[in-house]
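If you want the building blocks of each chain, they are given just below.
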Amino acid sequence: MLPTASLSRKTTLLLTASLLVFSLVACGSSTPMAPASSASSALESAATDSLLRQVKTQIREATDEGSLDSLKQARAWAKQATGGDRAALAHYYAALADYRMSNRLPEEDEARRGRVIEDAIGHLKRATEINGTMADAWALLSGYYGQMMGMNPMQGMSLGPKANEAMKRAKEHGPNNPRVWIIDGTSDFYTPGMFGGDKEKALTKFEKAARLAEQGSPDDPLMPGWGHAEAHAWVGVAHMEAERYDPARTAFEAALDLNPDYGWVEKVLLPKLEEKQS
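### Observations regarding the overall build of the protein chain
Alright, step 1. Check the secondary structure of the protein chain and you find 12 helices and zero strands.
Alright, step 2. Reading the secondary structure of the protein chain in the N-to-C direction produces α-α-α-α-α-α-α-α-α-α-α-α.
Alright, step 3. By the burial criterion, 46% of the 278 residues in the protein chain qualify as buried.
Alright, step 4. Pairs at least 24 residues apart make up 63% of the contacts formed inside the protein chain by residues separated by at least 6 positions.
Alright, step 5. Carbon and sulfur atoms provide 53% of the accessible area of the protein chain, an area that totals close to 14300 Å².

### Examining the packing of helix α9 (residues 199-213) against helix α10 (residues 228-241)
Two numbers describe a pair of packed helices, the interaxial angle and the distance between the axes.
Alright, step 1. Following both chains from N to C, one finds α9 and α10 inclined at 155°, their axes separated by 8 Å at the closest point. Compared by their axis directions, α9 and α10 come out roughly antiparallel. In this structure, α9 meets α10 at a crossing whose hand is left-handed. Along the contact surface, α9 presents K199, L203, F206, E207, A209, A210 and A213, while α10 presents H228, A231, H232, W234, V235, A238, H239 and E241.
Alright, step 2. Considering only residue class, the contact of α9 with α10 consists of nine nonpolar, three polar and three charged.

### A few points about the pattern of salt bridges
Alright, step 1. Summed over all chains, the structure comprises 14 salt bridges.
Alright, step 2. We note a salt bridge from D188 to K205, for which the minimum N-O separation is 2.6 Å. With D188 in helix α8 (residues 178-190) and K205 in helix α9, this residue pair connects regions lying 17 residues apart in the sequence. Note on accessibility: D188 and K205 belong to one class, buried.
Alright, step 3. The shortest N-O distance in the salt bridge between E200 and R244 comes to 3.1 Å. Residue E200 is found in helix α9, and its partner R244 is found in the loop between α10 and α11 (245-258); the two are separated by 44 residues along the sequence.

### Looking at the nonpolar core
As a rule of thumb, soluble globular proteins bury nonpolar side chains together.
Alright, step 1. Among the nonpolar cores identified, the biggest contains 76 residues, and Y92, Y93, L140, F252 and V265 are the most heavily contacted of them.
Alright, step 2. Top element by residues in this core is helix α4 (residues 87-102). It accounts for 11 residues.
Alright, step 3. Leave out the neighbours within four places in its chain, and V265 touches A233, F252, A255, L256, L270 and P271.

### Regarding the packing of aromatic side chains
Alright, step 1. A full pass over the atoms with the stated rule returns eight aromatic pairs.
Alright, step 2. For the pair F189 and W234, a centre-to-centre distance of 6.0 Å together with 65° between the ring planes defines the contact as edge-to-face. Of this pair, F189 sits in helix α8 while W234 is found in helix α10, placing the two residues 45 residues apart along the sequence. No difference in accessibility class separates F189 from W234, as the two residues are buried.
Alright, step 3. Taking the centre distance of 5.2 Å and the plane angle of 55° together, the rings of W234 and W264 count as tilted. With W234 in helix α10 and W264 in helix α12 (residues 263-277), this pair connects stretches of sequence that are 30 residues apart.
Alright, step 4. Judged by its relative accessible area of 25%, W264 falls in the partly exposed class.

### Observations regarding the side chain of S67
Alright, step 1. Positionally, S67 belongs in the loop between α2 (36-65) and α3 (68-80).
Alright, step 2. Within the structure, S67 has its side chain in polar contact with the side chain of S70 (distance 3.0 Å).

### Description of α3
Alright, step 1. An ideal rise of 1.5 Å per residue puts 18 Å on 13 residues; α3 measures up with 19 Å between its terminal C-alpha atoms.
Alright, step 2. Regarding α3, the residues found buried are S70, L71, Q73, A74, R75, W77 and A78.

### Thoughts on the environment of G225
Alright, step 1. Within the fold, G225 resides in the loop between α9 and α10.
Alright, step 2. Sequence-wise, G225 and R179 are 46 residues apart; in three dimensions their C-alpha atoms are separated by 8.5 Å.
Alright, step 3. Not counting chain neighbours up to four residues away, the residues in contact with G225 comprise K56, R179 and P218.

Scoring rules and cut-offs
- Residues numbered from 1 in each chain as written.
- Predicted model: local features only at pLDDT ≥ 70, side-chain atom pairs only at ≥ 80, totals over all residues.
- Heavy atoms only, no water.
- Helix = DSSP H or I, 4+ residues; strand = E, 2+ residues; numbered from the N terminus.
- Buried < 20%, exposed > 50% of the residue type's maximum accessible area, 1.4 Å probe, protein only.
- Contact = heavy atoms within 4.5 Å.
- Areas by Shrake-Rupley, 256 points an atom, 1.4 Å probe, with all protein chains shown as cover.
- Axes fitted to C-alpha atoms, helices over the stretch in contact; angles between N-to-C directions.
- Parallel < 35°, antiparallel > 145°, perpendicular 65-115°, else oblique.
- Left-handed = near helix turned anticlockwise from the far one by under 90°.
- Nonpolar A, V, L, I, M, F, W, Y, C, P; charged D, E, K, R; others polar.
- Salt bridge = Lys/Arg side-chain N within 4 Å of Asp/Glu carboxyl O.
- Core = buried A, V, L, I, M, F, W, Y, C linked by side-chain atoms within 4.5 Å.
- Phe/Tyr/Trp six-rings, centres within 6.5 Å; stacked < 30°, edge-to-face > 60°.
- Polar contact = N/O pair within 3.5 Å; in protein donor to acceptor, adjacent residues only side chain to side chain.
- Expected span 1.5 Å × (residues − 1).

Function cannot be read off these values alone, since they describe shape.
See the structure below:
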């Protein structure tokens, strides 16, 4: 976990260095000093980027370790950045931290899961209001509506169309985004067959996500980039569900090749596979 003090030191160093540059320009350079408002804006933008970089790293490491406390810290940092020029992205990362938390909370703890899901939906609605073309935010919003339906099936009539509309927007704006297909696949995987769920259809989407993830990372390092190892993990889950244990193992090993610290695969999925094969 990255302690709060560490983040503060890095941000302080960044701001100090930036202030030094502006001071040098003002005192010794023939280049006119930037207006105060422009300098302030540049510093705020740099500080926001630094904070979001820490958030992205924290969520990844906390997910690998399965640490709820680290995810809560990442969410708190993301919320601090929602007033900056990367507001949509900050709201998305707050919701992503919630997503990782909700998946680790016990199913019977509906009160806590409900609070986390409601918090995430609020952030994602704000993210899509700020940036209506953010495929990752639309996809995650669809996934959260699905989680709410899982907890409250009676709300399916109202939440189902919302989930479908959000996923439609996600695919319109990110047809080649692997995270869109992972979340869409998990919807097919967990939805009961009588309501349109299909685990083999889910497998096809997970495999598509894995292929898309191989095509590279986003140009902007602050943008979401997770999904490559996770897509393979879900391919393995789908195969294991269908009792195809050899391809399941191959998929889990591929996930660990991409991310050797992937705790979900190493500590949960592979032991479960071993148990099924014993």
